[in-house]
Amino acid sequence: MLRLTLVAMLAVGLGVGASTASASWKAQYGVQDDAWLEVGTTKMSSLQERLSMLDQLGVDVVRYTLRWDHVARSRPAEPANPADPAYDWSSADALLDGLYVHGIDVVLTIWGTPPWANGWQKPNWAPKSSSAVALFATAAARRYPWVHKWEIWNEPNQLGGLQPNSPQVYVERLLNPAVAALHAVDPKNVVAGGATSPRATQTALSAVTFMRGMRRAGAKFDVYSHHPYPRWFGRGRPETPLQTLPCTRWLTMASLQCLLKNVTQNFGPKHVWLTEYAYKTNPPDRHRGVTPTLQARYLAEAARRVYQAPRVDLLINFLIRDEPVVGRWASGFFTAQELVKPSFFSFMLPLVELGRHGVRTTLWGQVRPRSGPQPYLLQRSNGVRWTPVGPVAITGRRGFFTRTVYARKGLKFRVWSLLDGSYSPPLVIR
């Protein structure tokens, strides 16, 4: 009966005691976990189960790596023809078809040069010909005509992503040829260039340096993509997304204004996609992880930062399930043993403190599962039980809301999504 009543409330657009955020905002929030999505686990072995999990989380978009070297293990005779017998699309077909049926958008990242195209080197080596990736991109766009978001390569500013990690090589042999090819197949295709990692290392150029090199090489693309990982991944004092750090050569979520500034200086006011972002957790990573509670809080804060940032259209959380090897990526919503972390519910129901003036506190949040306005109940803890703050309220058209409440430091709030029976992690007022 409660569910039917709430659906009726949605139908008439009823909302009491809520201030909804801008309904025109188009930021998308998504995930990437190629291995989990393709193969699954013993507990979630079917693709349909995994797609249903994405629906439960309220995923807008999935970033998926289309491995050129896996699809084209041998040289195709007609490389622009997706039906060429040398191509094997089987690893991607079922997943991309399933995402399409579920109405989940896709960012398709082309990466990995086949040995026959780069002189029998590893997949991170650039192709010798500038036409090779263009022909593959043409075949891929014809194979998946419903995909309109594309990204060319992954972290080409570091040697693990591209060898050599030269912006000129990236632009001339990969980016510009692929962008031209994808636009030729369908003018609606939007292509991201950059896909840069956030910092300079012994094997990586800084994103700032790489951007400048791309500009000098005449880069052509529609949006700039970047991976604004934190500087230390939780070692020492964690870097919160709500900070505003001074501009340096480290372009992280906490210095998002610096990323936008550098993009504008080099390419004009292009929009930005953040196609990888995450915090590892401790446990299991005792050297580079934050607590699961902090991971959940930072995930929600990053969502809020993207919501308010001009020209930032997309944020992808890297991994749904932790990688099984300790020391690698433990940034999922599940542990490797498939235990749920608080970040699962923080992705589903992000809740953030925007600011506090005395006892007046402004909260921001979103209810992500399904589309359209959604009913929710804001709750406050009195130390013994959770009590409602006002009546049931209705979000804006994209699920966003803001609320001003009376709350002193230390009080706890949470959001209850009534249609899901799920709660956000508790938010402690600071």
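None of these values were measured; they are calculated from a predicted model. (Residues numbered from 1 in each chain as written. Predicted model: local features only at pLDDT ≥ 70, side-chain atom pairs only at ≥ 80, totals over all residues. Heavy atoms only, no water.)

### Quick notes on the sheet that holds strand S9 (residues 351-357)
- Across the sheet, three strands lie side by side as S9-S10-S14; this open sheet has antiparallel pairing. Only two strands of the sheet have a single neighbouring strand rather than two, namely S9 and strand S14 (400-406). When the angles between neighbouring strand axes are averaged without regard to direction, this sheet yields 20 degrees.
- Pairing of S9 with strand S10 (residues 360-366) involves six bridges; the strand directions are antiparallel. What sits directly across from His-357, in S10, is Arg-360.
- Along the sheet face, helix H10 (residues 292-308) touches S9, S10 and S14 and points at about 75 degrees away from the line of S9. (Pairing = 2+ DSSP bridges. Helix = DSSP H or I, 4+ residues; strand = E, 2+ residues; numbered from the N terminus. Axes fitted to C-alpha atoms, helices over the stretch in contact; angles between N-to-C directions. Contact = heavy atoms within 4.5 Å.)

### Considering the pairing of S10
- The element S10 is extensively covered by neighbouring structure, given that five of its seven residues are classed as buried.
- The hairpin turn running from S9 into S10, its antiparallel successor, is two residues long, and Gly-358 in that turn takes a positive phi close to 70 degrees.
- Bridge count for S10 against S14 is seven bridges, and the pairing is antiparallel. By the bridge assignment, Thr-362 is partnered in S14 with Thr-404. (Buried < 20%, exposed > 50% of the residue type's maximum accessible area, 1.4 Å probe, protein only.)

### Some remarks on a positive patch on the surface
- Side chains of Arg-212, Arg-215, Arg-216 and Arg-249 sit close together on the surface and give a patch of like positive charge.
- Along the chain, Arg-249 falls in the loop between strand S6 (223-226) and helix H9 (256-267).
- The exposure class of Arg-249 is partly exposed, given its relative accessible area of 42%. (Patch = residues over 30% accessible without salt bridge, like charges linked within 9 Å, V, L, I, M, F, W, Y side chains within 5 Å. Areas by Shrake-Rupley, 256 points an atom, 1.4 Å probe, with all protein chains shown as cover. Salt bridge = Lys/Arg side-chain N within 4 Å of Asp/Glu carboxyl O. Lys, Arg positive; Asp, Glu negative; His and termini not counted. Charge placed at Lys NZ, Arg CZ, Asp CG, Glu CD.)

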